[in-house]
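# Residue-level structural notes
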Amino acid sequence: MKMKKENMNRRKALRNIGASMAGLLTASQIPKVMANTDNNRVALEALPTFTGPGSKLGWNSMGPLVFYPQKLPLIRLTDRPVQLETPRHYFRSAITPNNAFFVRYHMPSVPTEIDLNIWRLNIEGEVNNPAQLSLEELLNLPPNEVVAVNECSGNSRSFFQPRVPGGQWGHGAMGCARWKGIRLMDLLERAGIKSTSKQIQFQGLDLGKGPKGYGSHAFMKSFSIDDPALQNALIAYSMNSSPLPILNGFPVRMVFPGKFATYWVKHVTWIRVLDHTDTDFWTAKAYKIPATPQADTTPEAIAKHEVDMVSIGTTQLPVRSFIVSPDDQTQLLAGLTNEVCGIAFSGSGKGIASVEFSADDGKTWKKAVLGEDLGPYAFRTWRFDWTPSESGVYKLAVRAKDSDGSIQPDHTIWNPGGYVLNRIERQVVHVGKTA
Ligand SMILES: Nc1nc2c(c(=O)[nH]1)N[C@H]1C(S)=C(S)[C@@H](COP(=O)(O)O)O[C@H]1N2
Ligand SMILES: [Mo]
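As the structure is a computational prediction, the values presented were derived from the model and not from experiment.

## So, the pairing of strand 22 (residues 352-358)
With respect to burial, strand 22 is a largely interior element, 6 of its 7 residues being buried. Note that strand 22 and strand 26 (residues 392-402) share 6 bridges and pair antiparallel. Counted as the bridge partner of Val355 is Ala400 from strand 26. Pairing of strand 22 with strand 23 (residues 366-367) involves 2 bridges; the strand directions are antiparallel. In the sheet register, Glu356 faces strand 23, and the bridge partner there is Lys367.

Below, the structure is given as structure tokens:
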């Protein structure tokens, strides 16, 4: 009897908690959700925004600034897995400092130290001469270099409306570094690829607790043997003339210039030549974009399974540009020259042809001055000396054109992964009076 009464009291207490929590959201505020193909739930209505349109702190995601090993304070999205975003001001230069470079993992367990006496890069599978190479042996092979942007597919995801699941990145899930290492093809040629080979799979050291073949187990990505991305790939042991920070892939990581960062496998330890098409979750199921222009679709079309989805590896980083300064805190004055600056980049391999600046919300455009050319895959800095004659509120915009003719659209897109956004970005600024 007594037990029963206690249970009843507990149940009542729980009901009360339920009631008071429900009190925080009225029925009309609870967003409608529906399932999409990946068993994710997609909000049908706009959710309250934190980093999206209309928010005050719009450029980066909102999160605490945290210290991690070898890093300056970065913005934390999540701790397990570690996801850290680079604050906006670090993009004033074309090279992102190693200690400010963003961090993204999928597994909760990431390596925190690596014993180079034991560590070997394994070349295995459909090769005539499997190899286990120490870092020292890699350093003795002919080096190659590229300056290239590493951009997360979900960079800017928090700006999607309706909101989509996944890390709610602002614009800081990108960085540009000078990568030095050995050509993947040099190693594969030494190993002798068999004619039975179909794909090359790259696997890192980080592990999760899930079963093999599932996303929760290990991180690996594959490209087909005839994919041109393999020809350009480096196995990088140096980042901006230093060893890689552990959180960015020490001792070596893959670098696929022009391709999204999901392929840039960190702590790459197994390079496996497969005689079949990879069935692992990360290549076979994850990171899919609609096979539509600009990977644009709608939640309704996804729900009806009307959309062909393709791997994000089939595309390159679309052309993008950003205003880094001023932000909405910068003091600007009418009649004075105010420097506007930022970066542009694209993964086409052709480089940036031009960057244009608008001080009137995109109605009229003027050419910006481009900074040093560090190669077609690098950030290209740009600047514009802007002298507003009147005080007031201005909507600044920037757009870049790629040397292959691609431009940034002036409209947003939507897809369920929150991938490949490259619309023209804007910055509202307040210009004060001098008298
Ligand atoms: N080993 C390993 N490599 C990885 C990942 C991972 O989870 N594990 N994530 C990929 C993704 S999705 C991104 S965006 C980049 C991030 O690179 P960074 O952490 O050096 O900035 O690493 C890629 N390589
Ligand atoms: Mo990513």
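What follows continues from the structure just given.
## Observations concerning unusual backbone geometry
Geometrically, the link from Gln161 to Pro162 is a cis peptide bond, its omega value of -10° lying close to zero. When you line up the elements, Pro162 lands in the loop between strand 9 (144-151) and strand 10 (174-183). Here Ser325 and Pro326 are connected by a cis peptide whose omega angle stands at 5°. With respect to the secondary-structure elements, Pro326 resides in the loop between strand 19 (320-325) and strand 20 (332-333). Despite not being glycine, Ser241 shows a phi value in the positive range, around 60°. A positive phi angle is found at Val420, which is not glycine, with a value near 55°.

## Some remarks on the packing of aromatic side chains
Within this structure, the stated rule accounts for 18 aromatic pairs. Taken together, a centroid distance of 5.3 Å and an interplanar angle of 55° make the contact between Phe219 and Trp282 tilted. On the criterion of sequence distance, the pair formed by Phe219 in strand 12 (residues 218-224) and Trp282 in helix 5 (residues 281-284) is long-range, its members being 63 residues apart. The pair formed by Phe219 and Trp282 is uniform in burial state, with each residue classed as buried. Note on Tyr287 and Tyr419: the rings are 5.4 Å apart at their centroids and 20° apart in plane angle, and the pair reads as stacked.

## Focus: the side chain of Thr297
Take Thr297: it is sitting in the loop between strand 17 (288-290) and helix 6 (299-303). The buried category is assigned to Thr297, whose relative accessible area is 12%. Those residues within four positions of Thr297 in sequence are excluded, and the remaining contacts are Pro290, Ile302, Val307, Trp414, Asn415 and Pro416.

Rules used throughout
- Residues numbered from 1 in each chain as written.
- Chains lettered and ligands numbered in written order.
- Predicted model: local features only at pLDDT ≥ 70, side-chain atom pairs only at ≥ 80, totals over all residues.
- Heavy atoms only, no water.
- Buried < 20%, exposed > 50% of the residue type's maximum accessible area, 1.4 Å probe, protein only.
- Helix = DSSP H or I, 4+ residues; strand = E, 2+ residues; numbered from the N terminus.
- Pairing = 2+ DSSP bridges.
- Phe/Tyr/Trp six-rings, centres within 6.5 Å; stacked < 30°, edge-to-face > 60°.
- Contact = heavy atoms within 4.5 Å.

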